[in-house]
Amino acid sequence: MAVKRVKRAYRARTLLTDILRTPTAISHLAKRDWETLIWQARAAELLGQLRHRLTTTVPNTDIPIQVARHLDAAWKIALLHDQAVRYELLHLQDALLEQGIPVVLLKGAAYCAQKADAATGRVFNDIDILVPKGALVDSEKRLLGAGWIPSHLNAYDQRYYREWMHEIPPMEHKNRSTVLDVHHTIVPPTSGIRPDPDLLIESSVRVDDPELLFFKVLNPEDMVIHSASHLFFGEFHKGLRDLYDLHSLFVQFSTNDGFWERLLARADELHLTEPVLDALSESSRLFGTAIPEDIFKRIEGRCGALSTHRWRGWLFEQALRPNHPSAHDSMTSVAQWLIFARSHWLRMPLPLLAYHLGHKALFRDAKSK
Amino acid sequence: MRVSNHSLIDFGRRLNTSGFAIPCGPFNVRIYSGIDHVADALHRLYSDFPECNPEDFIDFEIRIDPPSLLRRYLRPQVTLSCDGRQPFKPLPLAQAFPMLEWGLNWVLSSHAHEHLVIHAAVVEREGGALILAADPGSGKSTLCAALVDAGWRLISDELALVNLKSGQISPIARPISLKNRSIDVIRQLNSETVFSSVCRDTAKGDIAHVKPPAASVNALGHFATPKLIVFPKYSANVTLDCSPVGKAHALAELTRHAFNAPLLGPEAFETIARLLDQTSVFRVEYSSFDQVLPEIDRLWRLNA
């Protein structure tokens, strides 16, 4: 958007990440930069996190009043979301309690239940859970009984999810309209990488919250590995927000003794070293995450030449910008298309991909994810 | 500078290049569009609106345009994006202006959380506010347009923004949205009222917008103190029926109409409670303006 800028002191493209990384840099911001900062944070769904970062590091008086009102509104929304997720988890607990099998919360729901730093200021769009594949049918039945209705009812979409994906079609609650994603593993089986979901479920840990004792969450290493795989095999829809989640997890878990060593070993075991390397490099590039130098070198050594390709760096740099025109350039739409193509390429072998895209082109009613 | 200080051609060029920023309730919004009929409708209905100064803080940017070059010609569509987000599915290109109006309402109802946002029309007289809260289809906007035609100042036809701190109502004064038969009803009331062209077959039926009076737009800086709340209900062929509404019932009804009551929680409860301490509340059922306008005058004289 070509707007006549009255005064701009800051580079627009990296404004949001620069401020999240170094909040004291707000002293250099002109009014036009503050506007852009708010627009970018809104587009990236990071307004609540930005508010938390600013209010815990700089005096409130350094934040212009026109900016503070938007940060405060986002904070109110984040508090409501936190409450709503907890409320929804209580319902979910009631629905699945008698089944007696472990239900593992993933991503946002896990951060929220554990009161992890990554949940602070965050908004939630759905709840993701992981159940053992053998318990899927029973879980679905119980969820249906409690009011969660499956979406994507046509035959092709059902097949797409059930045969080729790592989750069943999303379910929506008939009264509360909340969306639930039930996973049976953490990456699509069609991707060729098949980490054993039982390994993850066995190592999962009970939620600390006494009200939510039924639920488990992945252990810190697995939580990072899952979030990294989800982001770097995916379509980067909320890429920057997901990366900021990872940054918060790294900062929080790195205070555990031996976290980095365990992370490396576990990533090896699950054959998911590459997304972990991507998460570490991008998080340290954008947010300055402190990662021990030798950990970085060792994980790089394991990933081989692929990880150092310059086009990957270029692609991630584009995909991890806030989805706002002020952060885009002439190549952004090309990069976005490539990321979309890449996410499908990684998820499906070529013949299946051709079949899937062919079907989507011919049958418009078949809405996929 | 006002919108009307720009020629239509100049205004359209600005919308299509650097954008044009106007106040929208407590916010400033910069609008971008390359669509001629959007420029035309904005230039006509917002002509008295001030243009934001270069030093004003712009809270939101809205772009309303066809999604792609292809969609400009093949089954033409329009999308609305606000700071990287698209709150609505694409609509036929002909519905671009109503879509922009819905987008501006969405900006207010989803972000103005320094206020309790009630689905209600508000008009003002002598600094006091009359709040008309009702379900869609009750004739709230039509009654609002008739009151404005009768000389009340337009605060808002759709959203009552009750400031959480002061309890006062923030003016919006954007065009009044009329549906279906209401369009002709208001047209017949006064031949000088300025309308947008009628947009047929939208999700809400036929839609037309009424230009807010210059005096209402000029008073955008003046907040209004709540005095009277009316729950209006238009029904064909009824005799006028007016009855007072108890505080508890009014509290329940207003909470139901407040978009962000779940978000604000106890703040919403306290704000509505204070609102009810300041006002009298009535339910009015009517079948013509001849019945309802004098009745509202009477209620106002007795209670305001």
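It should be emphasised that the depicted structure is a prediction, and the values quoted were computed from it without experimental measurement.

Conventions used here
Residues numbered from 1 in each chain as written. Chains lettered and ligands numbered in written order. Predicted model: local features only at pLDDT ≥ 70, side-chain atom pairs only at ≥ 80, totals over all residues. Heavy atoms only, no water. Helix = DSSP H or I, 4+ residues; strand = E, 2+ residues; numbered from the N terminus. Rg over C-alpha atoms; globule rule 2.2 N^0.38 Å. Buried < 20%, exposed > 50% of the residue type's maximum accessible area, 1.4 Å probe, protein only. Contact = heavy atoms within 4.5 Å. Areas by Shrake-Rupley, 256 points an atom, 1.4 Å probe, with all protein chains shown as cover. Lys, Arg positive; Asp, Glu negative; His and termini not counted. Charge placed at Lys NZ, Arg CZ, Asp CG, Glu CD. Domains from an automatic or database assignment. Buried area = accessible area lost by both parts, 1.4 Å probe. Polar contact = N/O pair within 3.5 Å; in protein donor to acceptor, adjacent residues only side chain to side chain.

J.: Looking at this structure, how should I read the overall build of chain B?
T.: Broken down by element type, chain B carries eleven helices and 16 strands. What you see for chain B is a C-alpha radius of gyration of 19 Å, in line with the 19 Å of a compact globule of 304 residues. Taken along its principal axes, the extent of the C-alpha atoms in chain B is 55 × 40 × 35 Å. Across the 304 residues of chain B, 55% fall into the buried class. For chain B, contacts bridging at least 24 residues in sequence account for 71% of all contacts bridging at least 6. When the accessible surface of chain B is summed, it comes to about 12,700 Å², and 52% of that surface belongs to carbon and sulfur atoms. Counting 30 positive and 32 negative side-chain charges, chain B places the centres of these two groups 3 Å from one another.

J.: Would you mind showing me how to read the environment of Phe289(B) here?
T.: All names here are of chain B. Along the polypeptide, Phe-289 turns up in helix α11 (residues 289-303). Its relative accessible area of 17% is what places Phe-289 among the buried residues. Measuring from C-alpha to C-alpha, the distance between Phe-289 and Leu-143 comes to 7.8 Å, with 146 residues separating the pair along the chain. If sequence neighbours within four positions are ignored, Phe-289 has contacts with Thr-142, Leu-143, Ala-146, Val-185, Ile-186, Leu-189 and Pro-294.

J.: I keep staring at the domain arrangement of chain B and nothing clicks. Help me out?
T.: Many authors give the size of an interface as the accessible area that is lost as the parts come together. Residue and element names in this part refer to chain B. As assigned here, chain B comprises domain 1 (1-111) and domain 2 (114-304). One C-alpha centre belongs to domain 1, the other to domain 2, and the line joining them spans 25 Å. Taken residue by residue, the interface counts 22 residues in domain 1 and 30 residues in domain 2. Surface buried jointly by domain 1 and domain 2 totals about 2,100 Å² across both partners, of which 66% is contributed by carbon and sulfur atoms. Counting the surface domain 1 buries against domain 2, the share from its top three residues, Leu-45, Asp-48 and Trp-102, is 27%.

J.: Looking at this structure, how should I read the side chain of Asn163(B)?
T.: Residue and element names in this part refer to chain B. Among the secondary structure elements, Asn-163 is positioned in strand β9 (residues 159-163). Judged by relative accessible area, which is 17%, Asn-163 ranks as buried. A polar contact of 2.8 Å, which involves the side chain of Asn-163, links it to the backbone nitrogen of Lys-165.

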